[in-house]
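Observations on the model geometry
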Amino acid sequence: MHTKDLFEPAFYISLAAMLCVMLYSGANVGFCSDEMDMNQYGKANISFYKSGGKDTSFLNLMQENDSLRVMKTLPFYGSNFEYIAHAANILTGTLDGKQEYNVRHVVNQVMAIIAILFCGLIAARLKGYRAALLAAWFLFLTPTFIGWALFDTKDLPFCMGYIASVYFLILFMEQLPRPTVKTTIYLMLALFFTLGIRVGGLLLYGYLLLFVPLVLWSKRRKGEVFIKKEDLLPLASKLALVIGGSLVLTILSWPYVLIDPMHNFVAAIESAKKFPADIAMNFKGDVIHSILLPGDYLPTYFFITIPVILLALMPASFVLVVLKFKQIKWQRVLLVMVAAIVPLIYSQVSSMTLYNGWRHLMFFYPCTMVIAGVGTDMIIDMLKKPVLQMAFGVLLLAGFIHPIRWCIANGPYQYVYYNELEGFKDAYYNYENDVWSISVKPAIDWLMINEHVADKKDSVLIATNVGTYANYYLRTQYPGARVRAVAVSTKNYSNYKWDYLLLNTIFLQTNYLQDHYPPDGTIHTIDADGRPLTAIVKDTTHLQYYISDAVENQDNYFKADSFARVYMASTRKPNPNLLGLLAMINARLYNYDKAVDYGMKAIQNNHNDFSGRAAMAFVCFKQKKIEAAVEHINICLAQDPNNDFLLQLADSIKFAMQPSNN
């Protein structure tokens, strides 16, 4: 058998191996409240159809365990993945059971392999199965992509639909002006699946309307008409079937759009343009917001999360493919390039809301790997001599040593990978890491087993900044345990009398990670590359709670001070969000020097620390530093304009500012 004939079976064997690796790595992986929201939303959409359109609860869903938060943005998503996952749960008998999310993840992982399949098939049509093999492995060995593929049921299915649509659009183009019915139907279904997940699928319709006339024009010979009369009607009818059929199916499968097609579809488009989610996140060690991103946000994340070997191959491949347009059908290559580049250009020009790195733009990446695979194949052809080709192959393998080794050592947290240029240990403090909090699941399991929480007769309270997920997981996986979770943040967990604290790195800012994480009292951590993603903290004294309770509920500063003294003597790393409270305690007990010390530390930790600012306002007023008192109290009043203590203090400050009192 000729060597070239081996690449096709090697491609399909590789896909089977990739699926096995993915299923093993993603087995029983954690999930987050976002996926719980989408699952709940999908079930609500199914209820709409079961009720004949009477059940419209999908419009006003509440997040589980949070009756105050209406998930207003959910109707802007389609539910095509949710329907498939729901069917899989029914078939496996896991609906609403312990394995419900595991089955969803298996469906997602299979879709990831299908995305890799279509990535390879496109490369095969451009350059052959060696290029397909390269493109497939390039995609699979990108830790960020494969990490999200384990559990990201929001973005991966759309990515699969996008690359599948590009593939069938290529087939449609190749068969012009007489595409087959089979290809037409496949393209229609691919477009429907993609658009029925997210309105970003409209990009594909633009490619269709652009490239069909472009290909027809390029196929005509000198003196020939654009399209023959006998081909015009059949082609128009097939285009109508592709566009009209996919749009009708999308409307019928999307309850929000179905109840008011024109208005609600436009509303979904407007939401996609500027998604209404203002999320604070770490970027280069500073805090930025998802609705106001710096221009280098995406380029930076690409540069530090994509394997270095691919960063080198991608631009080289793009240049090579452009230079050798004549050797391959340029229309197909141009389509792949457009499908890769247009989403990036749009995201930059429109300043669209993004967070979690390039997760929302994952769909562009397989097209990029197609070009990388084709370009790398061209480089191998150019080397000609077997010894040079072998040396290049060794170089490629060496380039993937770092991501492969990192993924093996740190699964299933591949999605927090940072390449050799940044490294996870440094990026941990400066950028996002476990943004979907999947490390909370093993943390709960460790706690229940090693602390014997499931066997305790007395009720156990777990405080966590991932409360929705924790409550669901405890209820479904440990139904008999006398344990419950309460949702907290780093700013208020001292207000609760918890037995254990599960603190994930989600939304923790750089200074907190560097100086205060993991908190004092940590008994175990779930790590990636030696950095904690979730800390398990045990508290047997509840001193932090007693301090907060004495101030907030009893207004007893002497009692609070006695607890504070014991607490400070027993801790190596005090809770930074208690500093403001300690400042207020000392201010009200006229220990002004200590109050200023704690107050300044509190403000340094959090510029708007309420208790710290209030304490500083009180001390500055007492020390007749009126301008400073005004600055501090204004910041406090902006947060709580009805606070009695602040209002009384503000009146005193105003009185002191009157000329007759100076």
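Residues numbered from 1 in each chain as written. Predicted model: local features only at pLDDT ≥ 70, side-chain atom pairs only at ≥ 80, totals over all residues. Heavy atoms only, no water.

**A few points about the overall build of the protein chain**
Scanning the protein chain from terminus to terminus reveals 29 helices and nine strands. Taking the principal axes of the C-alpha coordinates as reference, the protein chain spans close to 95 × 60 × 60 Å. With 662 residues in all, the protein chain has 55% of them scored as buried. Taking the intrachain contacts of the protein chain between residues at least 6 apart in sequence as the baseline, contacts between residues at least 24 apart amount to 71%. (Helix = DSSP H or I, 4+ residues; strand = E, 2+ residues; numbered from the N terminus. Buried < 20%, exposed > 50% of the residue type's maximum accessible area, 1.4 Å probe, protein only. Contact = heavy atoms within 4.5 Å.)

**Remarks on empty space enclosed by the protein**
Under the defined criterion, the tally for this structure stands at three cavities of 30 Å³ or more. If you add up the space inside the largest cavity, you get close to 140 Å³. Forming the walls of the largest cavity are 14 residues, and the residues nearest its centre are Tyr301, Asn356, Gly357, Tyr415 and Tyr418. Mapped onto the lining of the largest cavity, the elements with two or more residues apiece are helix 6 (143-149) and helix 13 (297-305). (1 Å grid on protein atoms, 1.4 Å probe; cavity = no way out; pocket = protein on both sides within 12 Å on 5 of 7 lines; lining within 4 Å. Points joined across faces, edges and corners; volume = space filled by probe spheres on them.)

**Re the side chain of Asp231**
Mapped onto the fold, Asp231 is located in helix 10 (residues 229-253). Taking relative accessible area as the criterion, Asp231 reaches 6% and is therefore assigned buried. Residues within four places of Asp231 in sequence aside, it is in contact with Pro177 and Arg178.

**Some words on the sheet that holds strand 5 (residues 460-464)**
Within a sheet, each strand pairs with its neighbour through backbone hydrogen bonds, oriented either parallel or antiparallel. Across the sheet, which stays open at both edges, the five strands sit in the order 6-5-7-9-8 with mixed pairing between neighbours. Only two strands of the sheet have a single neighbouring strand rather than two, namely strand 6 (483-487) and strand 8 (522-528). Neighbour-to-neighbour, the strand axes of the sheet open up by a mean angle of 20 degrees, direction not taken into account. Across the face of the sheet, helix 21 (residues 467-477) comes into contact with strand 5 and strand 6 while running at roughly 170 degrees to strand 6. (Pairing = 2+ DSSP bridges. Axes fitted to C-alpha atoms, helices over the stretch in contact; angles between N-to-C directions.)

**Some details on the packing of aromatic side chains**
As enumerated under the stated definition, the model contains 49 aromatic pairs in all. Ring centres 6.3 Å apart and planes at 45 degrees place the aromatic pair Tyr12 and Tyr129 in the tilted group. Of this pair, Tyr12 sits in helix 1 (residues 3-25) while Tyr129 sits in helix 5 (residues 129-140), placing them 117 residues apart in sequence. A relative accessible area of 37% places Tyr12 in the partly exposed class. Of the residues examined, Tyr129 reaches a relative accessible area of 23% and is grouped as partly exposed. One aromatic cluster is present, formed by Phe283, Tyr297, Tyr301, Trp406, Tyr417, Tyr418, Phe424, Tyr428, Tyr429 and Tyr431 through successive ring pairs. For Arg198, the ring lying beneath its charged end belongs to Phe158, and the centroid distance is 5.4 Å. (Phe/Tyr/Trp six-rings, centres within 6.5 Å; stacked < 30°, edge-to-face > 60°. Lys NZ or Arg CZ within 6 Å of the ring centre and 35° of its normal.)

**A short note on the environment of Phe275**
Considering the arrangement of structural elements, one finds Phe275 in the loop between helix 12 (261-273) and strand 3 (280-283). The exposure class of Phe275 is buried, given its relative accessible area of 16%. When neighbours within four sequence positions are excluded, Phe275 is seen to be in contact with Thr73, Tyr77, Ile291, Thr353 and Tyr355.

**Description of the pattern of salt bridges**
Any two side chains of opposite charge can pair if their charged atoms end up close together. As enumerated under the stated definition, the model contains 21 salt bridges in all. Salt-bridge contacts for Lys43 lead to Glu100; the nearest nitrogen and oxygen are separated by 2.8 Å. You can see Lys43 sitting in helix 2 (residues 33-50) and its partner Glu100 sitting in helix 4 (residues 100-127), a full 57 residues away along the chain. For Lys43, a relative accessible area of 22% translates into the label partly exposed. A salt bridge links Asp381 to Arg130; the nearest nitrogen and oxygen atoms lie 2.5 Å apart. Of this pair, Asp381 sits in helix 16 (residues 365-383) while Arg130 sits in helix 5, and the two are 251 residues apart along the sequence. (Salt bridge = Lys/Arg side-chain N within 4 Å of Asp/Glu carboxyl O.)

**Some thoughts on unusual backbone geometry**
Glycine aside, negative phi is the norm for most residues, and most peptide bonds take the trans geometry. A cis amide bond, omega 5 degrees, links Leu176 with the succeeding residue Pro177. Relative to the assigned elements, Pro177 resides in the loop between helix 7 (156-174) and helix 8 (181-195). Here the bond from Gly411 into Pro412 is cis, since omega is 5 degrees, no more than 30 degrees from zero. Residue position: Pro412 is located in the loop between helix 18 (401-410) and helix 19 (424-430). Of note, the phi angle at Lys384 is positive, near 65 degrees, even though the residue is not glycine.

**A few points about helix 10**
In a regular helix each residue adds 1.5 Å, so 25 residues correspond to 36 Å; helix 10 covers 36 Å between its end C-alpha atoms and thus fits that length. For helix 10, every residue scored as buried is listed here: Asp231, Leu235, Lys238, Leu239, Val242, Gly245, Ser246, Thr250 and Ser253. (Expected span 1.5 Å × (residues − 1).)

**Remarks on the confidence of the model for the protein chain**
In this model, the protein chain carries an average pLDDT of 92, and 97% of its residues clear a pLDDT of 70 or more. For the stretch residues 65-70, pLDDT sits under 50, and the model shows 11 contacts to residues farther than four places along the chain or on other chains. (pLDDT = per-residue confidence, 0-100.)

**Notes on a nonpolar patch on the surface**
On the surface, Val181, Ile185, Tyr186, Leu189 and Leu241 cluster together into a nonpolar patch covering about 420 Å² of accessible area. Looking at the secondary structure, you find Val181 in helix 8. (Patch = residues over 30% accessible without salt bridge, like charges linked within 9 Å, V, L, I, M, F, W, Y side chains within 5 Å. Areas by Shrake-Rupley, 256 points an atom, 1.4 Å probe, with all protein chains shown as cover.)

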